[in-house]
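# A look at the structure
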Amino acid sequence: MATKWKEEAGRIVRFGITGSLSTLIHYGAYLLALRWLNATLAYTAGYGVGLCVNYVLTTFFTFHKQPSRKNAAGFAASHVVNYLLEIGVLNLFIFLGMSEQLSGILTLIVVVPVNFLILRLVFVGRRSS
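Presented here is a report on the structure given in the accompanying data block. (Residues numbered from 1 in each chain as written. Predicted model: local features only at pLDDT ≥ 70, side-chain atom pairs only at ≥ 80, totals over all residues. Heavy atoms only, no water.)

### Looking at the overall build of the protein
When you go through the protein residue by residue, the secondary structure sums to four helices and zero strands. Along the protein, helices and strands appear, N-terminal first, in the series α-α-α-α. Taken over C-alpha atoms, the radius of gyration comes to 15 Å for the protein, in line with the 14 Å a tight globule of 129 residues would show. Taking the principal axes of the C-alpha coordinates as reference, the protein spans close to 45 × 25 × 20 Å. Burial analysis of the protein (129 residues in total) assigns 37% to the buried set. The long-range share in the protein, meaning contacts at least 24 apart out of those at least 6 apart in sequence, stands at 70%. (Helix = DSSP H or I, 4+ residues; strand = E, 2+ residues; numbered from the N terminus. Rg over C-alpha atoms; globule rule 2.2 N^0.38 Å. Buried < 20%, exposed > 50% of the residue type's maximum accessible area, 1.4 Å probe, protein only. Contact = heavy atoms within 4.5 Å.)

Encoded structure:
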């Protein structure tokens, strides 16, 4: 039991590192793209850049797996759901009168826990072995 808890705690820490790096890249690309694009398109561009980095780090570092069609498909599907959630939350914050810059940060804070749970299901399943 303690070994499973330790394994899961390590996974959460690695997810935090992976997510932090991917998020910084995503947010940096978003801010850069805001110079030329509206908030939704800029966020989408940043999301795409962060997504590529995130898959590599999530696969090898967070979950210690090898890339496969199955986990790539699950990762992509989870990120379609995650992307739609993020765009909805982003636009809600903007609608509520928050700046585009602050809305981008708050959106990431809200959706990160949801993303971990989805990705854990993709890479580990319902129960870790």
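### Re the packing of aromatic side chains
With the rule as written, the count across this model stands at four aromatic pairs. Relative to Phe75, the ring of Tyr55 lies with its centre 5.0 Å away and its plane at 65°, an arrangement referred to as edge-to-face. Pair noted here: Tyr55 is in helix H2 (residues 39-62) and Phe75 is in helix H3 (residues 69-95), with a separation of 20 residues, a long-range link. When sorted by exposure, Tyr55 lands in the same class as Phe75, which is buried. Here a set of aromatic residues connected by ring pairs shows up, and it is made of Tyr27, Tyr30 and Tyr43. (Phe/Tyr/Trp six-rings, centres within 6.5 Å; stacked < 30°, edge-to-face > 60°.)

### Thoughts on the environment of Arg14
Positionally, Arg14 belongs in helix H1 (residues 2-33). For the pair Arg14 and Glu100, spaced 86 residues apart in sequence, the C-alpha separation works out to 29 Å. Residues contacting Arg14, with those up to four places away along its chain left out, are Phe61, Thr62 and His64. At a separation of 2.9 Å, a polar atom in the side chain of Arg14 contacts the main-chain carbonyl oxygen of Thr62. (Polar contact = N/O pair within 3.5 Å; in protein donor to acceptor, adjacent residues only side chain to side chain.)

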